[in-house]
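# Structural overview
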Amino acid sequence: TQLLEQSPQFLSIQEGENLTVYCNSSSVFSSLQWYRQEPGEGPVLLVTVVTGGEVKKLKRLTFQFGDARKDSSLHITAAQPGDTGLYLCAGAKNNFNKFYFGSGTKLNVKP
Amino acid sequence: GAGVSQSPRYKVAKRGQDVALRCDPISGHVSLFWYQQALGQGPEFLTYFQNEAQLDKSGLPSDRFFAERPEGSVSTLKIQRTQQEDSAVYLCASSSRTDYSGANVLTFGAGSRLTVL
């Protein structure tokens, strides 16, 4: 049983479209991270959010941490084929050395 | 090296065989983590080292799993008497710093894919 639920599980869109993926839990997290993983590779850290309500922008990617620090979202504007990959959220509770990962959203951006 | 290196990249084992998976972390990284990623799932925490000390092994699924980092650099994850349910990608990550929240900033290797027949 995973502590973090991600939705949707799969998403296939055309280049140029916008999308949002979600990461939800009934638990409170001290810190939440988003990763992107490509086939045959390890996850690569995109961002860390720690404050309830925090919004971080990374070029076309916008990350938000829920006010209660139980959920997060990732919004991509004008998706490009290079955004294709598995997006994983990972939360840490009091133990900053142990991250709980969601099962991911597999994004495919078609040219 | 420039990144976290794991070997072998692929391992096929017959049920009941022992396997050893190696992780070379980024030079100087104090913290080292092992995660298990089953097909279609997110990574699950196995164990954590700070230098040579194994500070958390709460995620190891059974006593068939054993990890060590004797000199505080290279780590080995050993699985004894492998079972089919052990088939997964085993990811190693290292970290030299924490971010402003105190959370470790992890750099992952590409993983070792274990298939148990």
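The structure contained in this document is the topic of the report that follows. Since the structure is predicted, the reported quantities are computational estimates derived from the model, not experimental observations.

### Let's talk about the overall build of chain A
Along its length, chain A carries 0 helices and 11 strands. For chain A, the N- to C-terminal ordering of α and β elements is β-β-β-β-β-β-β-β-β-β-β. Against the 2.2 N^0.38 benchmark of 13 Å for 111 residues, chain A shows a C-alpha radius of gyration of 13 Å, consistent with a compact globule. In terms of overall dimensions, chain A has a C-alpha envelope of 40 × 30 × 20 Å along the principal axes. When the 111 residues of chain A are sorted by exposure, 47% land in the buried category. Taking as baseline every contact in chain A between residues at least 6 positions apart, the subset at least 24 positions apart corresponds to 54%. In the form shown here, chain A has an accessible surface area of approximately 5,200 Å², with 49% of it arising from carbon and sulfur atoms. Side-chain charges of chain A comprise 11 positive and 9 negative groups, with the mean position of each set lying 5 Å from the other.

### A closer look at the side chain of T105 of chain A
Residue and element names in this part refer to chain A. Within the secondary structure layout, T105 lies in strand β11 (residues 105-110). A distance of 2.6 Å separates a polar atom in the side chain of T105 from the backbone oxygen of P8. In this structure T105 touches Q6, S7, P8, Q9, V21, G85, L86 and Y87, once residues within four positions along its chain are discounted.

### A word on the layout of surface pockets
Leftover empty space is mapped by rolling, across the atoms, a probe with the size of a water molecule. Empty space within the largest pocket amounts to approximately 640 Å³. Contributing to the lining of the largest pocket are 31 residues, with L86 of chain A together with Q37, L39, G40 and R113 of chain B lying nearest its centre. When residues in the lining of the largest pocket are grouped by element, the largest group, 4 residues, is from strand β11 (residues 112-116) of chain B. Class assignment for the residues of the lining of the largest pocket results in 12 nonpolar, 14 polar and 5 charged.

### Things to note about the sheet that holds strand β6 (residues 55-58) of chain A
Residues and elements named next belong to chain A. Pairing is antiparallel in the open sheet, where 5 strands are placed in the order β1-β3-β8-β7-β6. Strand pairing shows two members of the sheet lacking a second neighbour, β1 (5-7) and β6, which therefore form its edges. Sheet twist, expressed as the mean angle between neighbouring strand axes with direction ignored, is 15°. The sheet contact formed by β6 and strand β7 (residues 61-65) spans 4 bridges and is antiparallel. Following the sheet pairing, V55 is matched in β7 by Q64.

### Section: the pairing of β7 of chain A
Side chains L61, F63 and F65 of chain A of β7 of chain A all project onto a buried face; the interleaved residues T62 and Q64 of chain A project onto a face where none is buried. Hairpin connection, β6 of chain A to β7 of chain A: the antiparallel pair is bridged by 2 residues, and K59 of chain A has positive phi, about 55°.

### Looking at the interface of chain A and chain B
Each partner contributes to the interface: chain A provides 25 residues, whereas chain B provides 25 residues. Each partner contributes to the roughly 1,800 Å² buried at the junction of chain A and chain B, and carbon and sulfur atoms together form 50% of this total. Connecting chain A to chain B are 0 salt bridges. At the boundary of chain A and chain B, one finds 5 residue pairs in polar contact (both at pLDDT 80 or more). Among the elements of the structure, β4 (31-37), β5 (44-49), β9 (85-92) and β10 (99-101) of chain A are those that each provide at least two residues to the side of chain A that touches chain B. By residue class, the composition of the side of chain A that touches chain B is 10 nonpolar, 11 polar and 4 charged.

### Considering unusual backbone geometry
The residue after S7 of chain A, namely P8 of chain A, is reached through a cis peptide bond having omega -10°. Relative to the helices and strands, P8 of chain A is located in the loop between β1 and β2 (10-14). The omega torsion of the bond from S7 of chain B to P8 of chain B falls at -5°, within 30 degrees of zero and hence cis. Positive phi, normally seen in glycine, also occurs at R69 of chain A, with a value near 60°. If you trace the backbone, R69 of chain A turns up in the loop between β7 and β8 (71-76). Located in the positive-phi region is N51 of chain B, a residue other than glycine, with phi close to 55°. Of note, N51 of chain B is situated in the loop between β5 (44-50) and β6 (53-56). With relative accessibility at 33%, the residue N51 of chain B sits in the partly exposed group.

Analysis parameters
- Residues numbered from 1 in each chain as written.
- Chains lettered and ligands numbered in written order.
- Predicted model: local features only at pLDDT ≥ 70, side-chain atom pairs only at ≥ 80, totals over all residues.
- Heavy atoms only, no water.
- Helix = DSSP H or I, 4+ residues; strand = E, 2+ residues; numbered from the N terminus.
- Rg over C-alpha atoms; globule rule 2.2 N^0.38 Å.
- Buried < 20%, exposed > 50% of the residue type's maximum accessible area, 1.4 Å probe, protein only.
- Contact = heavy atoms within 4.5 Å.
- Areas by Shrake-Rupley, 256 points an atom, 1.4 Å probe, with all protein chains shown as cover.
- Lys, Arg positive; Asp, Glu negative; His and termini not counted.
- Charge placed at Lys NZ, Arg CZ, Asp CG, Glu CD.
- Polar contact = N/O pair within 3.5 Å; in protein donor to acceptor, adjacent residues only side chain to side chain.
- 1 Å grid on protein atoms, 1.4 Å probe; cavity = no way out; pocket = protein on both sides within 12 Å on 5 of 7 lines; lining within 4 Å.
- Points joined across faces, edges and corners; volume = space filled by probe spheres on them.
- Nonpolar A, V, L, I, M, F, W, Y, C, P; charged D, E, K, R; others polar.
- Pairing = 2+ DSSP bridges.
- Axes fitted to C-alpha atoms, helices over the stretch in contact; angles between N-to-C directions.
- Buried area = accessible area lost by both parts, 1.4 Å probe.
- Salt bridge = Lys/Arg side-chain N within 4 Å of Asp/Glu carboxyl O.

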